[in-house]
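Descriptive structure summary
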Amino acid sequence: MAELSGGSEAVAVALWPPGEAPPAFQYSPESVAGADGQLDPAEVTFPGCPCRSRSCAAPACPCLSRGHSYSSQGLLLALQEQEQPFSRPVFECNSLCCCGEGCQNRVVQRGLRLRLQVFRTRRKGWGVRALQPIPAGSFVCEYAGEVLGFAEARRRIQAQSPQEPNYIIAVREHLHDGRVMETFVDPTRIGNVGRFLNHSCEPNLFMVPVRVDSMVPKLALFAAADIAAGEELTYDYSGRFRNFPGASREHKAPEEENSLRKPCYCGSRTCASFLPWDSSLFSTPASSP
(Lines give C-alpha, C1' and ligand atoms only; values in the text may rest on other atoms or scores of the structure.)
Protein backbone atom coordinates (compact mmCIF):
# COMPACT_ATOMS: atom_id res chain seq x y z
CA MET A 1 0.00 0.00 0.00
CA ALA A 2 1.21 3.51 -0.85
CA GLU A 3 2.65 5.56 2.03
CA LEU A 4 2.55 9.35 2.41
CA SER A 5 5.32 10.25 4.88
CA GLY A 6 8.25 8.66 3.06
CA GLY A 7 9.14 6.74 6.22
CA SER A 8 9.52 9.89 8.34
CA GLU A 9 6.75 8.87 10.76
CA ALA A 10 7.03 6.03 13.30
CA VAL A 11 3.76 4.67 11.87
CA ALA A 12 3.10 4.55 8.11
CA VAL A 13 0.47 6.96 6.74
CA ALA A 14 -1.56 5.01 4.18
CA LEU A 15 -2.93 6.43 0.89
CA TRP A 16 -6.18 5.48 -0.88
CA PRO A 17 -7.14 4.77 -3.63
CA PRO A 18 -4.22 2.98 -5.27
CA GLY A 19 -2.61 4.92 -8.10
CA GLU A 20 -3.77 8.33 -6.81
CA ALA A 21 -1.87 10.84 -4.69
CA PRO A 22 -2.43 14.43 -3.52
CA PRO A 23 -0.41 17.28 -5.10
CA ALA A 24 3.27 17.15 -4.13
CA PHE A 25 4.47 18.78 -0.90
CA GLN A 26 7.40 18.25 1.48
CA TYR A 27 6.45 15.94 4.33
CA SER A 28 7.64 16.97 7.81
CA PRO A 29 6.38 15.29 11.01
CA GLU A 30 6.97 18.52 12.97
CA SER A 31 6.60 22.23 12.32
CA VAL A 32 9.57 24.16 10.93
CA ALA A 33 10.61 27.80 10.84
CA GLY A 34 8.83 29.74 8.11
CA ALA A 35 10.55 31.59 5.28
CA ASP A 36 10.14 34.88 7.19
CA GLY A 37 12.43 33.48 9.92
CA GLN A 38 10.49 35.12 12.76
CA LEU A 39 9.89 31.97 14.82
CA ASP A 40 11.88 28.75 15.12
CA PRO A 41 9.86 25.91 16.69
CA ALA A 42 13.06 23.85 17.09
CA GLU A 43 14.65 26.40 19.46
CA VAL A 44 14.91 25.27 23.09
CA THR A 45 14.20 28.10 25.54
CA PHE A 46 12.48 26.31 28.45
CA PRO A 47 14.64 24.96 31.31
CA GLY A 48 14.46 21.25 32.03
CA CYS A 49 13.09 19.68 35.19
CA PRO A 50 15.51 17.99 37.65
CA CYS A 51 13.30 14.91 38.16
CA ARG A 52 15.29 11.69 38.16
CA SER A 53 12.26 9.40 38.38
CA ARG A 54 10.93 7.37 35.47
CA SER A 55 7.87 9.64 35.33
CA CYS A 56 7.37 13.11 36.77
CA ALA A 57 4.80 13.82 39.47
CA ALA A 58 3.00 16.99 40.58
CA PRO A 59 3.61 19.21 42.45
CA ALA A 60 7.33 18.38 42.75
CA CYS A 61 7.99 18.68 38.99
CA PRO A 62 8.11 22.31 37.74
CA CYS A 63 6.74 21.16 34.36
CA LEU A 64 3.59 20.05 36.21
CA SER A 65 3.06 23.21 38.25
CA ARG A 66 -0.43 23.48 36.70
CA GLY A 67 -1.19 19.83 37.43
CA HIS A 68 -1.12 16.73 35.25
CA SER A 69 -2.27 17.12 31.65
CA TYR A 70 -2.46 13.41 30.83
CA SER A 71 -3.74 10.26 32.49
CA SER A 72 -1.47 7.24 33.04
CA GLN A 73 -2.84 5.93 29.70
CA GLY A 74 -1.69 9.11 27.93
CA LEU A 75 -5.22 10.53 27.50
CA LEU A 76 -5.81 14.29 27.75
CA LEU A 77 -7.41 15.09 31.10
CA ALA A 78 -8.90 18.36 29.82
CA LEU A 79 -11.55 16.30 28.04
CA GLN A 80 -12.99 15.44 31.46
CA GLU A 81 -13.22 19.10 32.53
CA GLN A 82 -16.55 19.66 30.80
CA GLU A 83 -17.68 22.41 33.16
CA GLN A 84 -14.92 24.77 31.99
CA PRO A 85 -15.44 26.71 28.72
CA PHE A 86 -11.67 26.85 28.16
CA SER A 87 -8.72 24.49 28.19
CA ARG A 88 -5.80 24.63 30.60
CA PRO A 89 -2.32 25.30 29.16
CA VAL A 90 -0.42 22.10 28.37
CA PHE A 91 3.34 22.03 28.97
CA GLU A 92 5.20 18.76 28.40
CA CYS A 93 8.62 17.81 29.70
CA ASN A 94 11.30 18.78 27.21
CA SER A 95 14.67 17.81 25.77
CA LEU A 96 16.54 19.32 28.76
CA CYS A 97 14.48 17.47 31.39
CA CYS A 98 16.16 14.74 33.42
CA CYS A 99 13.14 12.40 33.39
CA GLY A 100 13.00 9.39 31.11
CA GLU A 101 11.49 9.09 27.64
CA GLY A 102 8.68 7.07 29.19
CA CYS A 103 7.55 10.00 31.36
CA GLN A 104 3.77 10.37 31.53
CA ASN A 105 4.21 14.05 30.61
CA ARG A 106 5.60 13.24 27.15
CA VAL A 107 2.81 12.54 24.66
CA VAL A 108 2.58 14.94 21.70
CA GLN A 109 6.37 15.09 21.29
CA ARG A 110 6.41 11.35 20.55
CA GLY A 111 4.62 12.03 17.29
CA LEU A 112 2.18 9.90 15.35
CA ARG A 113 1.38 6.55 16.99
CA LEU A 114 -1.94 5.69 15.33
CA ARG A 115 -2.66 4.11 11.96
CA LEU A 116 -4.25 6.74 9.71
CA GLN A 117 -5.13 6.86 6.03
CA VAL A 118 -5.30 9.84 3.67
CA PHE A 119 -8.13 9.11 1.23
CA ARG A 120 -10.06 10.72 -1.61
CA THR A 121 -13.48 11.90 -0.41
CA ARG A 122 -16.58 12.32 -2.58
CA ARG A 123 -16.96 16.12 -2.30
CA LYS A 124 -14.20 17.45 -0.01
CA GLY A 125 -11.01 16.54 -1.83
CA TRP A 126 -8.62 14.56 0.32
CA GLY A 127 -9.42 13.62 3.93
CA VAL A 128 -8.08 11.51 6.79
CA ARG A 129 -9.67 8.48 8.43
CA ALA A 130 -8.76 6.18 11.29
CA LEU A 131 -7.61 2.65 10.51
CA GLN A 132 -8.02 1.62 14.15
CA PRO A 133 -10.34 2.50 17.06
CA ILE A 134 -9.23 5.67 18.88
CA PRO A 135 -10.28 6.24 22.53
CA ALA A 136 -11.55 9.70 23.56
CA GLY A 137 -8.71 11.94 24.76
CA SER A 138 -6.06 10.24 22.62
CA PHE A 139 -3.47 12.35 20.82
CA VAL A 140 -4.07 11.78 17.11
CA CYS A 141 -1.64 13.99 15.18
CA GLU A 142 -0.05 17.42 15.01
CA TYR A 143 -1.05 20.13 12.54
CA ALA A 144 2.50 20.73 11.34
CA GLY A 145 3.84 23.22 8.81
CA GLU A 146 5.79 26.46 8.53
CA VAL A 147 5.40 28.66 11.62
CA LEU A 148 4.90 32.23 10.39
CA GLY A 149 4.58 35.74 11.75
CA PHE A 150 1.31 37.61 11.21
CA ALA A 151 2.56 39.72 8.28
CA GLU A 152 3.79 36.73 6.28
CA ALA A 153 0.65 34.72 7.04
CA ARG A 154 -1.55 37.56 5.79
CA ARG A 155 0.64 38.11 2.71
CA ARG A 156 0.34 34.45 1.75
CA ILE A 157 -3.41 34.20 2.27
CA GLN A 158 -4.08 37.42 0.33
CA ALA A 159 -1.97 36.08 -2.57
CA GLN A 160 -4.17 33.00 -2.91
CA SER A 161 -6.75 32.74 -5.67
CA PRO A 162 -10.34 31.85 -4.68
CA GLN A 163 -9.86 28.42 -6.28
CA GLU A 164 -6.82 27.51 -4.16
CA PRO A 165 -7.26 25.54 -0.94
CA ASN A 166 -6.25 27.45 2.18
CA TYR A 167 -4.18 25.48 4.68
CA ILE A 168 -3.05 28.41 6.87
CA ILE A 169 -4.41 28.23 10.39
CA ALA A 170 -4.47 31.04 12.94
CA VAL A 171 -4.64 30.04 16.61
CA ARG A 172 -5.32 32.73 19.22
CA GLU A 173 -4.90 32.01 22.91
CA HIS A 174 -6.57 34.42 25.34
CA LEU A 175 -4.49 34.72 28.51
CA HIS A 176 -5.80 35.51 31.99
CA ASP A 177 -4.25 39.00 31.89
CA GLY A 178 -6.05 39.96 28.68
CA ARG A 179 -3.15 39.37 26.30
CA VAL A 180 -3.68 37.32 23.14
CA MET A 181 -0.98 34.97 21.81
CA GLU A 182 -1.16 34.22 18.09
CA THR A 183 0.31 31.26 16.23
CA PHE A 184 0.16 30.93 12.43
CA VAL A 185 1.00 27.60 10.75
CA ASP A 186 1.07 27.03 6.99
CA PRO A 187 1.42 23.42 5.76
CA THR A 188 0.88 24.29 2.08
CA ARG A 189 4.49 23.56 1.04
CA ILE A 190 5.81 21.74 4.12
CA GLY A 191 3.45 19.78 6.33
CA ASN A 192 2.24 16.44 7.64
CA VAL A 193 -0.90 14.28 7.64
CA GLY A 194 -2.75 17.00 9.60
CA ARG A 195 -2.99 19.21 6.48
CA PHE A 196 -5.55 16.79 5.01
CA LEU A 197 -8.00 16.94 7.93
CA ASN A 198 -11.36 18.33 6.84
CA HIS A 199 -13.62 20.72 8.74
CA SER A 200 -16.82 19.61 10.41
CA CYS A 201 -19.40 21.64 12.32
CA GLU A 202 -19.70 18.54 14.58
CA PRO A 203 -16.08 17.33 14.70
CA ASN A 204 -14.55 14.31 16.43
CA LEU A 205 -11.19 16.05 17.06
CA PHE A 206 -10.25 19.28 18.83
CA MET A 207 -7.04 21.29 18.75
CA VAL A 208 -4.90 22.11 21.79
CA PRO A 209 -1.67 24.17 21.69
CA VAL A 210 0.94 22.04 23.48
CA ARG A 211 4.31 23.51 24.47
CA VAL A 212 7.44 21.39 24.79
CA ASP A 213 10.73 23.24 24.26
CA SER A 214 9.53 26.85 23.93
CA MET A 215 6.49 29.14 23.80
CA VAL A 216 6.01 28.19 20.14
CA PRO A 217 3.29 25.53 20.51
CA LYS A 218 2.68 22.27 18.73
CA LEU A 219 -0.90 22.38 17.40
CA ALA A 220 -2.03 19.00 18.70
CA LEU A 221 -5.29 17.30 17.71
CA PHE A 222 -6.98 15.02 20.24
CA ALA A 223 -10.00 12.73 19.96
CA ALA A 224 -13.11 14.47 21.35
CA ALA A 225 -14.99 11.16 21.55
CA ASP A 226 -14.39 7.47 20.91
CA ILE A 227 -13.67 7.09 17.19
CA ALA A 228 -14.35 3.90 15.23
CA ALA A 229 -12.00 2.37 12.66
CA GLY A 230 -12.94 3.71 9.21
CA GLU A 231 -14.39 6.97 10.58
CA GLU A 232 -13.25 10.23 8.96
CA LEU A 233 -11.29 12.52 11.29
CA THR A 234 -12.39 16.16 11.39
CA TYR A 235 -12.02 19.27 13.52
CA ASP A 236 -13.72 22.66 13.64
CA TYR A 237 -11.56 25.14 11.73
CA SER A 238 -12.94 27.98 13.87
CA GLY A 239 -11.30 26.50 16.99
CA ARG A 240 -14.45 25.92 19.02
CA PHE A 241 -13.96 23.46 21.89
CA ARG A 242 -17.14 21.49 22.67
CA ASN A 243 -18.98 24.19 20.66
CA PHE A 244 -18.50 26.92 23.29
CA PRO A 245 -19.09 30.12 21.25
CA GLY A 246 -16.45 32.08 23.18
CA ALA A 247 -13.72 29.66 22.14
CA SER A 248 -14.11 30.39 18.43
CA ARG A 249 -11.27 31.86 16.34
CA GLU A 250 -13.76 33.01 13.72
CA HIS A 251 -14.35 36.66 12.92
CA LYS A 252 -17.94 36.96 11.70
CA ALA A 253 -18.03 37.81 8.02
CA PRO A 254 -20.31 40.54 6.66
CA GLU A 255 -22.77 39.43 3.97
CA GLU A 256 -20.68 41.06 1.22
CA GLU A 257 -17.71 38.89 2.21
CA ASN A 258 -19.66 35.63 1.86
CA SER A 259 -18.71 35.61 -1.81
CA LEU A 260 -15.12 34.91 -0.71
CA ARG A 261 -16.08 32.07 1.61
CA LYS A 262 -15.99 28.40 0.67
CA PRO A 263 -19.05 26.17 1.13
CA CYS A 264 -19.04 23.55 3.88
CA TYR A 265 -19.86 19.96 2.91
CA CYS A 266 -19.55 18.36 6.35
CA GLY A 267 -23.18 17.19 6.26
CA SER A 268 -23.74 17.56 10.00
CA ARG A 269 -27.11 18.56 11.49
CA THR A 270 -25.67 21.89 12.64
CA CYS A 271 -23.79 22.69 9.42
CA ALA A 272 -23.17 26.45 9.04
CA SER A 273 -23.15 26.18 5.19
CA PHE A 274 -19.78 27.98 4.94
CA LEU A 275 -16.30 27.12 6.20
CA PRO A 276 -15.17 29.32 9.14
CA TRP A 277 -13.91 32.79 8.26
CA ASP A 278 -11.07 34.81 9.78
CA SER A 279 -11.31 38.27 8.24
CA SER A 280 -8.19 39.55 10.08
CA LEU A 281 -5.99 37.74 7.54
CA PHE A 282 -7.83 39.27 4.60
CA SER A 283 -8.26 42.86 5.77
CA THR A 284 -5.77 45.63 5.05
CA PRO A 285 -4.49 47.37 8.20
CA ALA A 286 -5.47 51.01 8.62
CA SER A 287 -2.69 53.38 7.64
CA SER A 288 -1.12 55.25 10.52
CA PRO A 289 -1.52 59.05 10.59
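Presented here is a report on the structure given in the accompanying data block. (Residues numbered from 1 in each chain as written. Predicted model: local features only at pLDDT ≥ 70, side-chain atom pairs only at ≥ 80, totals over all residues. Heavy atoms only, no water.)

**Here we look at the overall build of the protein**
- In terms of helices and strands, the protein carries one helix and 15 strands.
- Residues classed as buried in the protein amount to 47% of the 289 residues present.
- When contacts within the protein are restricted to residue pairs at least 6 apart in sequence, long-range pairs at least 24 apart make up 66% of them.
- As displayed, the protein has an accessible area near 14,500 Å², and 53% of this comes from carbon and sulfur atoms. (Helix = DSSP H or I, 4+ residues; strand = E, 2+ residues; numbered from the N terminus. Buried < 20%, exposed > 50% of the residue type's maximum accessible area, 1.4 Å probe, protein only. Contact = heavy atoms within 4.5 Å. Areas by Shrake-Rupley, 256 points an atom, 1.4 Å probe, with all protein chains shown as cover.)

**Regarding unusual backbone geometry**
- Each neighbour pair has its own omega, and for tryptophan 16 with proline 17 the value is 5°, a cis peptide bond.
- Considering the arrangement of structural elements, one finds proline 17 in the loop between strand S1 (13-16) and strand S2 (26-27).
- That bond from alanine 58 to proline 59 is cis: its omega, 5°, falls within 30 degrees of zero.
- Of note, the phi angle at serine 273 is positive, near 80°, even though the residue is not glycine.
- Here serine 273 is to be found in the segment after strand S15 (234-235).

**What about the packing of aromatic side chains?**
- Under the counting rule described, the total for this entry stands at nine aromatic pairs.
- Here the aromatic rings of tyrosine 235 and tyrosine 237 are separated by 5.1 Å at their centres, their planes lie at 50°, and the arrangement is tilted.
- The exposure class of tyrosine 235 is buried, given its relative accessible area of 3%.
- Chaining the aromatic ring pairs together yields one cluster made of Tyr70, Phe139, Phe206 and Phe222.
- The ring of phenylalanine 119 carries arginine 129 above its face, with NZ or CZ at 4.1 Å from the centroid. (Phe/Tyr/Trp six-rings, centres within 6.5 Å; stacked < 30°, edge-to-face > 60°. Lys NZ or Arg CZ within 6 Å of the ring centre and 35° of its normal.)

**Details of the side chain of serine 238**
- Inspection of the secondary structure puts serine 238 in the segment after S15.
- Using a relative accessible area of 1% as the deciding quantity, one classes serine 238 as buried.

**Brief notes about the sheet that holds strand S7 (residues 139-142)**
- Taken in spatial order, the four strands make up an open sheet running S4-S13-S14-S7, and their pairing is mixed. The open sheet terminates on both sides in strands that have one partner only, identified here as strand S4 (90-91) and S7.
- Strand direction decides the pairing type here: S4 and strand S13 (residues 205-211), joined by two bridges, are parallel. Counterpart to valine 90 in the pairing with S13 is valine 210. (Pairing = 2+ DSSP bridges.)

**Regarding the nonpolar core**
- In this structure, Leu116, Val118, Ile134, Val140, Tyr143 and Leu233 are the most contacted members of the largest nonpolar core, which totals 33 residues.
- Elements with a contribution of two residues or more to this core: S1, strand S5 (116-120), strand S6 (126-130), S7, strand S9 (169-174), S13 and strand S14 (218-223).
- Residues Tyr70, Phe139, Phe206 and Ala220 belong to the second largest nonpolar core, which totals 13 residues. (Core = buried A, V, L, I, M, F, W, Y, C linked by side-chain atoms within 4.5 Å.)

**Quick word on the sheet that holds strand S10 (residues 180-186)**
- Ordered by their spatial adjacency, four strands build an open sheet running S3-S8-S10-S9, and the pairing between neighbours is mixed. The open sheet has two edge strands with one neighbour each: strand S3 (32-33) and S9.
- As paired strands, strand S8 (residues 146-148) and S10 are joined by three bridges and run antiparallel to one another. Across the sheet, residue valine 147 finds its bridge partner in S10, namely valine 185.
- With respect to the sheet, helix H1 (residues 150-158) is in contact with S8 and S10, its orientation differing from that of S8 by roughly 110°. (Axes fitted to C-alpha atoms, helices over the stretch in contact; angles between N-to-C directions.)

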